[in-house]
Amino acid sequence: MKATATANANIALVKYWGKRSSDPILPQNGSISMTCDGMSTTTTVEFSDKYREHTVTINDEEFKKDEKDIHGHIDRICKLAGIIQHAKVVSESNFPVAAGLASSASGFAALTMAACTAAGLKLSKKELSIITRQGSGSACRSIFGGFVEWVRGQKDDGSDSYAECIASKEKWPDFRMIATIVEAKKKPVSSRGGMAQTVTTCPYYKDWLSTVEDDLDTVRKGIQEKDFGKVASTAEFNALKMHATMITTKPPIIYWIPATMEIIHAVRQMREDGINAYFTMDAGPNVKILCLDKDVSEIEKRVNELDGVVNTILCKPGDGAALLDKHLF
Ligand code: DP6
């Protein structure tokens, strides 16, 4: 009753922002992401009679209960599998946790795959994405590799709200994302809290929703056509629209810090200079630059010269979640 899984983070090109239900987690809108090779979490789960309660250790630290209910997610999987044992969970990520770098996406995807396997559940990837979604929405996309769409669905039970691969990593191997790390600190407002506040208090939230379908169509088509400008410019505008809803909640949620603006302006300058670079951002101050492989070295050189940039992480389209033979304990 022990299994280990690894999963990559994913960065949305069309963002999931807002829930229509929090239990089960169901999105207001569909989203599309790239699974990021190079930003991964590996998790070992063991169920045994020798454990008196679930224990979760993340990056060598005991996990303290927060709004992302990891213990509740393990209980959910135990219930599905019909087992009564408790779990020991050990998890390691190779990038900063909770800094708007989608650590919960790789974390919940790896946890769900490892726990379901350790509990003896035999599931398709679609079924795994549905269970993962109940732990953290965006994590359902990390079950798959390459370019992934999380379809909104219509049903209240969530059986039609799952992720699916829309293009393999081989389809567009030179697509790149450079995560610029400006501040590897825990963010002041979580994505969960931020999106709930947006749905209830932002006067423009309905306008966000009214434009997402078009963004999904454009990005989906752009990926099939490998039209970088179409995909990346739509992703940039989509991120700005999402941040516009964040800034106009009560109280306002402003994730940007001066270094965030510095990078945004640098990316715009790159475009002036003929470099095909665009940006996207999530619920945090870090900027992710979208580009093609041929422009990576020039872009990295320019951003690393900026005062506020601590370091960069380069990602290409990566694999979906997978089981590993080697356990962490
Ligand atoms: C801005 O998936 O972390 O990164 O479902 O409450 O766990 P919960 O939220 P989460 O939100 C991610 C929001 C985002 C956009 C995205 O990844 O699509």
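Residues numbered from 1 in each chain as written. Predicted model: local features only at pLDDT ≥ 70, side-chain atom pairs only at ≥ 80, totals over all residues. Heavy atoms only, no water.

Caption draft 1: Region of the structure containing the layout of surface pockets. Taken as a whole, the second largest pocket holds about 240 Å³ of empty space. If you list the elements that add at least two residues to the lining of the second largest pocket, you get strand 2 (19–22), helix 3 (125–135) and helix 4 (191–201). Viewed by domain, the lining of the second largest pocket spans two of them, domain 1 (2–169) and domain 2 (175–317), each represented by three or more residues. (1 Å grid on protein atoms, 1.4 Å probe; cavity = no way out; pocket = protein on both sides within 12 Å on 5 of 7 lines; lining within 4 Å. Points joined across faces, edges and corners; volume = space filled by probe spheres on them. Helix = DSSP H or I, 4+ residues; strand = E, 2+ residues; numbered from the N terminus. Domains from an automatic or database assignment.)

Caption draft 2: Main features of the packing of helix 5 (residues 205–225) against helix 6 (residues 228–247). Interaxial distance between helix 5 and helix 6 falls to 9 Å at its minimum, and their mutual angle equals 160°. Taken together, the axis directions place helix 5 and helix 6 in an arrangement best described as roughly antiparallel. Here helix 5 and helix 6 pass one another in a crossing that is left-handed. Between helix 5, through W208, T211, D215, T218, V219, G222, I223 and E225, and helix 6, the contact on the second element is made entirely by K230, V231, T234, N238, K241, M242 and T245. In terms of residue class, the contact of helix 5 with helix 6 is made up of five nonpolar, six polar and four charged. (Axes fitted to C-alpha atoms, helices over the stretch in contact; angles between N-to-C directions. Parallel < 35°, antiparallel > 145°, perpendicular 65-115°, else oblique. Left-handed = near helix turned anticlockwise from the far one by under 90°. Contact = heavy atoms within 4.5 Å. Nonpolar A, V, L, I, M, F, W, Y, C, P; charged D, E, K, R; others polar.)

Caption draft 3: Quick peek at the pattern of salt bridges. Enumeration over the complete set of coordinates arrives at 13 salt bridges. Across the pair E149 and R220 runs a salt bridge, and its minimum N-O distance is 2.7 Å. Remark: R220 occurs in helix 5 and E149 occurs in strand 8 (residues 147–150); sequence separation between them is 71 residues. The partner of D273 in a salt bridge is R302, with the nearest N and O atoms 2.8 Å apart. Taken as a pair, D273 in the loop between helix 7 (258–272) and strand 11 (278–281) and R302 in helix 8 (residues 296–304) lie far apart in primary sequence, 29 residues in all. If you follow the salt bridges from partner to partner, you end up with K15, D282 and K288 in one network. (Salt bridge = Lys/Arg side-chain N within 4 Å of Asp/Glu carboxyl O.)

Caption draft 4: View of the nonpolar core. Core analysis: the largest hydrophobic core is formed by 77 residues, its most contacted members being L13, V45, F47, I74, F147, F175 and I223. Top contributing element to this core by residue count: helix 2 (residues 103–118), with ten residues. Residues from two domains meet in this core; each of domain 1 (2–169) and domain 2 (175–317) gives at least three. Ignoring anything within four residues of it in the chain, the contact list for F175 reads L13, M34, F147, F228, V231, L290, C291, L292, C315, K316 and P317. Among the nonpolar cores identified, the runner-up in size contains 20 residues, and F279, C291, V296 and V309 belong to it. (Core = buried A, V, L, I, M, F, W, Y, C linked by side-chain atoms within 4.5 Å. Buried < 20%, exposed > 50% of the residue type's maximum accessible area, 1.4 Å probe, protein only.)

Caption draft 5: Structural view of the site of the ligand. Taken together, 18 residues are adjacent to the ligand, and Y16, K19, K68, S136 and S138 come closest. Here an oxygen atom of the ligand and a side-chain polar atom of S136 are 2.6 Å apart. R192 is positioned such that a nitrogen or oxygen atom in its side chain is 2.7 Å from an oxygen atom of the ligand. Protein chains shield 95% of the accessible area of the ligand, which is 460 Å² for the free molecule. Element by element, the count of residues in the shell around the ligand is highest for helix 4, at three residues. Grouping the constituent residues of the shell around the ligand by class yields seven nonpolar, five polar and six charged. Looking at the shell around the ligand, you find at least three residues from each of domain 1 (2–169) and domain 2 (175–317). (Near = heavy atom within 4 Å. Polar contact = N/O pair within 3.5 Å; in protein donor to acceptor, adjacent residues only side chain to side chain. Areas by Shrake-Rupley, 256 points an atom, 1.4 Å probe, with all protein chains shown as cover.)

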